[in-house]
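Structural characterization, general
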Amino acid sequence: MFSFLAFGNELSVAYWMNIASALFSGFTILFLFWSITLFGRKMMQLSPGKETLNDTLTLMGAGTIGALIYTFSDSFWFSAVEAEVYAMSSFFTAIVIWAFLKWDLVTDPAKENKWLIFIAYLVGLSIGVHLLNLVTLPALALIYYFKKYPQPTWKGGVYALLAGGGALIVVNNIVIPGLPSLAGRLEIFAVNSLGLPFGSGILFFMAAFIGGLIYAIRFSVLKQKVLLNTLLLSFTFILIGYSSYALIIIRANQDPVINENAPKDIISYVSYLKREQYGYRPLLKGQYFDAELVDQKEGAPVYLKTKDGYEIVDYGTVNVYDPERTTLLPRIYSTQERHKQLYRSKLGLREGEKPNFADNIRFLFSHQLGHMYFRYFMWNFSGRESDFSDAPWLGVADAFSSIFPEYIKENKAHNNYLMLPLILGLLGIFFQARMDQRFFVVNLLLFLMMGIVLVLYLNSPPIEPRERDYIYVGSFYAFAIWAGLALIGLRDTFQQLKLKGTAAVLLAFLVALPAPLLMAQQNWDDHDRSGRFFSVDSARNFLASCAPNAILFTGGDNDTFPLWYVQEVEGFRTDVRVIVLSYFDTDWYVEQMTRQVNESAPLPFSLGPENYKKGTNDVLYLMERENLDAISLTQYLRLLKGNSDALKLRGGGRFTYNMVPARNLILDVDLEKAFAEGLIPEGMEDLATPQMNFRVKGNYLTKGGMMLLDLIASSNWERPIYFNNTSLATIGIDLEDYVVQEGMTYRLLPVQKPQGFRGELVNASLAYENIMEKFAFRGMDNPDNYFDDEFRRFTSNARGVINSVAMALLDEDRFDEANELLNLSLERMPHAAIPYDFSSGQMVPLLFEVGEEEKALHIVETLADRSLQLVTYYDATNRAYDREAYIAIELLRYFTPLVEERGYEELGRSLRDKLDRVMSSASAR
């Protein structure tokens, strides 16, 4: 709806989506203010219309303090200024809690039921945004119980909680995935068994379900069953709200350019709803990370819609692990190799040492609850060290500590609230627990359900791709309620100290006000995203590095989403086909690549839908045949296309699978054609190769890898194929010997890196031209702009690319152009705006080479000082060395001989002294 406010101006859509987040966040604060005043009425035992002026001022003051504390909290503010679901999710949580508190004040039974139906509709709508709202239901069930049963008991409270939990399960497990799943089963039966047309089963299900619901509602009216009628109407309005999900199928069937999962029919739609692509995390019982896989059982059938019906193309796989290595409440469960290493590191386990239940619980408390929740909680109500990954929280003592190095103190996210919001919240807990036990339990449940219980449910792995604090904003919302209620307790305390009337209220307000004011002052600079354009410019630079009609492979979301924006919204380089490597493993995405998109022609695959459909060639295991070191790639693709028995591998289920018979797949190249068409860059003629060896890295090839090889062979060099750095690193095929850097991208060409050559092949002339004439770096030179850790990684990547091109120019004795490039890097991405990083350190010998000694020395001295500060700080705080610490040590080791060779003996001695101090600290560990 907000995108319509752009009135057809595509460039304004993103603006209005951000406005939506800001407005929904503002309404969240409004409903929080009202909710705090309603909680406060309960604490003060006020009857409607009986409030004095002081009572009103107290409630207004409490609502203001609590609402402002949440307004300026780190995690909520972060989501309030981005176009994501979390701002609207917070709004729905806030309005549902407020609506229940308003319902509690209603005395007319008819109006009560209208409020309940309204709440049900809000819950249904919220499902279309985010599921966080559902976890409030057990707490809200207590409000219902306390109102309907004036003399509550522990037993009754437990029943109320169970009822609320049951409502959560009904909506989350039955309504959301269950109803479409049932419709899907009826659809399969109607089409496959009865021979009816597509959609018959769904229509029958909808008619029967809606008809039954109408009959039940009519029955409740005729029989005057008010409670049943209210429940049925509430259920109906949840479904009306949930019907917003129809947009997913409607949109998917329009075949838009970006159509993730392509949920066009009931089968793919149910898979989408169940989030099957995200895998499975055990909750109540599961394996330890070292458990051996002892069996794989056949799971539920996987259907695919075909022209004749719904075909079973595969069966799910249920892994069975050694029962001796399973546990209740599994927390250290992931069997990924990287995760295993992290579990051992975090728990202090030696290689081969078996974890036990104590280790399992220790990980729960230290990492999942401690690192992934309590740390975030303290970020919001006590303080945050910086925006670096895994930054700890800060307390009162840290505000007066001299332990922090300059690079931490200068970080705009170095925020300390002197624990004032935390203290207010703890006071609010104390006062509400003493003055209003019933609604204290309600808010306590809100706090726990949206915090600790959510931690247990999510069961985080040992590492996440980014900080996840935004998940727990609901819990922080409940704590902000307590922070506001603290003012009521403070007023009462001051009144007991003989301070009368308005003076007690005013003093309580003045005592509490510094908390939100300090939060606003500390958080303002690191929540200002204005002037940041490099996510867009970086995408433009990727596309500008590609030849016309190119194909560009990308890795993760941070690379891909800006590219989609630049192409689809700004209309830049729509001739380039962007392929997301992780999506390439799915049939729906490969199918989308066979269509014309904008100015990009369909991709020329030789393999057909029968080769890449779901359940076919999802994984091709490497089974090296004896005396077969290599196989022709074109011959292998021909065997795959023909479904040859020579590639068959019998699996444990009902299906056979194809395999790869040799690790090396060889592609012959017509060099005469390659030279004639100008494919070989100038200066690389001696590197041209008549054969390219695509080596499988691991023990299997995925569908995406298979389709990539097919694309390379089938395109026959008619369409340029490029990779960005993340996709090149994650592809299961070794291509690095055959790619040439042309700017931000690497082009696949029939040239081979010389044996022993440790750098990258660079088309220096073309890359220089792309960077100097086509690249954009808007706002990167402004020290007033806030560039967080994620943004700084973008910068480091750009600096590294410029270094590579400058090095290639120096190899060709083109010193002036190399100098120009290096100075461009320093001018467009200066230290004052974005601090020097590892890529800056790699620039030092290049600057020496082009005669920029002073600039090189500035980088050396700056990074050396910072490296010593970093390691000293880690040692003083007993923090484990991470990637940043090891980079700091390597930089000192790298710089020391470098400056000594240039004749800077005094600086060399200083660096060697710093290196000795750092190495002695490292060895002491």
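This text goes with the structure placed above it.
Presented here is an overview of the structure given in this document.

The rules we used
- Residues numbered from 1 in each chain as written.
- Predicted model: local features only at pLDDT ≥ 70, side-chain atom pairs only at ≥ 80, totals over all residues.
- Heavy atoms only, no water.
- Buried < 20%, exposed > 50% of the residue type's maximum accessible area, 1.4 Å probe, protein only.
- Helix = DSSP H or I, 4+ residues; strand = E, 2+ residues; numbered from the N terminus.
- Pairing = 2+ DSSP bridges.
- Right-handed = clockwise from strand over helix to strand, strands pointing away.
- Phe/Tyr/Trp six-rings, centres within 6.5 Å; stacked < 30°, edge-to-face > 60°.
- Lys NZ or Arg CZ within 6 Å of the ring centre and 35° of its normal.
- Contact = heavy atoms within 4.5 Å.
- Axes fitted to C-alpha atoms, helices over the stretch in contact; angles between N-to-C directions.
- Parallel < 35°, antiparallel > 145°, perpendicular 65-115°, else oblique.
- Nonpolar A, V, L, I, M, F, W, Y, C, P; charged D, E, K, R; others polar.

**Focus: the pairing of strand β7 (residues 551–554)**
- Of the two faces of β7, the one holding Ile551 and Phe553 and the one holding Leu552 and Thr554 are both buried throughout.
- Here four bridges tie β7 to strand β8 (residues 577–580), and the two strands are oriented parallel to one another. When the sheet's bridge partners are listed, Thr554 is paired in β8 with Val580.
- In this fold, the crossover linking β7 to β8 by way of helix α24 (residues 557–568) has right-handed handedness.
- One ladder, built from three bridges, connects β7 with strand β16 (residues 721–723); its direction is parallel. Bridging across to β16, Ile551 finds its partner in Ile721.

**Overview of the packing of aromatic side chains**
- All told, the structure shown has 70 aromatic pairs when counted by the stated rule.
- Ring centres 6.4 Å apart and planes at 45° place the aromatic pair Phe146 and Phe439 in the tilted group. One end of the pair, Phe146, is in helix α6 (residues 137–148); the other, Phe439, is in helix α18 (residues 437–449), with 293 residues separating them in the sequence.
- Classification of Phe146 by relative accessible area gives buried; the value is 12%.
- Phe439 sits in the buried class, given a relative accessible area of 4%.
- Plain terms: the ring middles of Phe447 and Phe479 are 6.2 Å apart, the flat faces sit at 40° to each other, and that makes the pair tilted. Of this pair, Phe447 sits in helix α18 while Phe479 sits in helix α20 (residues 473–496), and the two are 32 residues apart along the sequence. Neither Phe447 nor Phe479 differs from the other in exposure class; each is buried.
- The ring of Tyr407 is capped by Arg866, whose NZ or CZ atom sits 4.7 Å from the centre of that ring.
- Taking NZ or CZ as reference, Arg879 lies 4.8 Å from the ring centre of Tyr874, over its face.

**Some remarks on the sheet that holds strand β10 (residues 630–632)**
- Taking strand neighbours across the sheet as the criterion, the four strands line up as β10-β13-β14-β17 in an open arrangement whose pairing is mixed. On the outer flanks of this sheet lie β10 and β17 (733–734), each paired with one strand and no other.
- Pairing of strand β13 (residues 664–668) with strand β14 (residues 691–696) involves five bridges; the strand directions are antiparallel. Across the sheet, the residue bridging to Asp668 is Gln691, located in β14.
- Sitting on the sheet, helix α27 (residues 633–641) touches β10, β13 and β14, and the angle it makes with β10 is about 70°.

**A few points about unusual backbone geometry**
- Here the phi dihedral of Ala262 falls at roughly 45°; this positive angle occurs in a residue that is not glycine.
- Summarising the element assignment, Ala262 is placed in the loop between α11 (246–252) and α12 (266–273).
- On the accessibility criterion, Ala262 (12% relative accessible area) is buried.
- Positive phi outside glycine occurs at Asn598, with the angle close to 50°.
- Mapping Asn598 onto the fold places it in the loop between α25 (587–593) and α26 (609–612).
- Residue class for Asn598 comes out partly exposed when judged on its relative accessible area of 41%.

**A short note on the packing of helix α13 (residues 337–347) against helix α14 (residues 357–381)**
- Packing of α13 against α14 leaves a shortest axis separation of 10 Å and a crossing angle of 85°. By the angle between their axes, α13 is roughly perpendicular relative to α14. Listed contacts from α14 to Tyr343, Lys346 and Leu347 of α13 are Asp359, Arg362, Phe363 and His367.
- Classifying every residue of the contact of α13 with α14 gives three nonpolar, one polar and three charged.

**What to know about the sheet that holds strand β20 (residues 761–762)**
- The mixed open sheet is built from six strands, whose spatial order is β8-β7-β16-β19-β18-β20. Single-partner strands in this sheet number two, and they are β8 and β20.
- Here α24 sits on the sheet and contacts β7 and β8; the angle it forms with β8, its principal contact strand, is near 155°.

Note that every value here comes from positions in space, so none of it alone points to a role or purpose.
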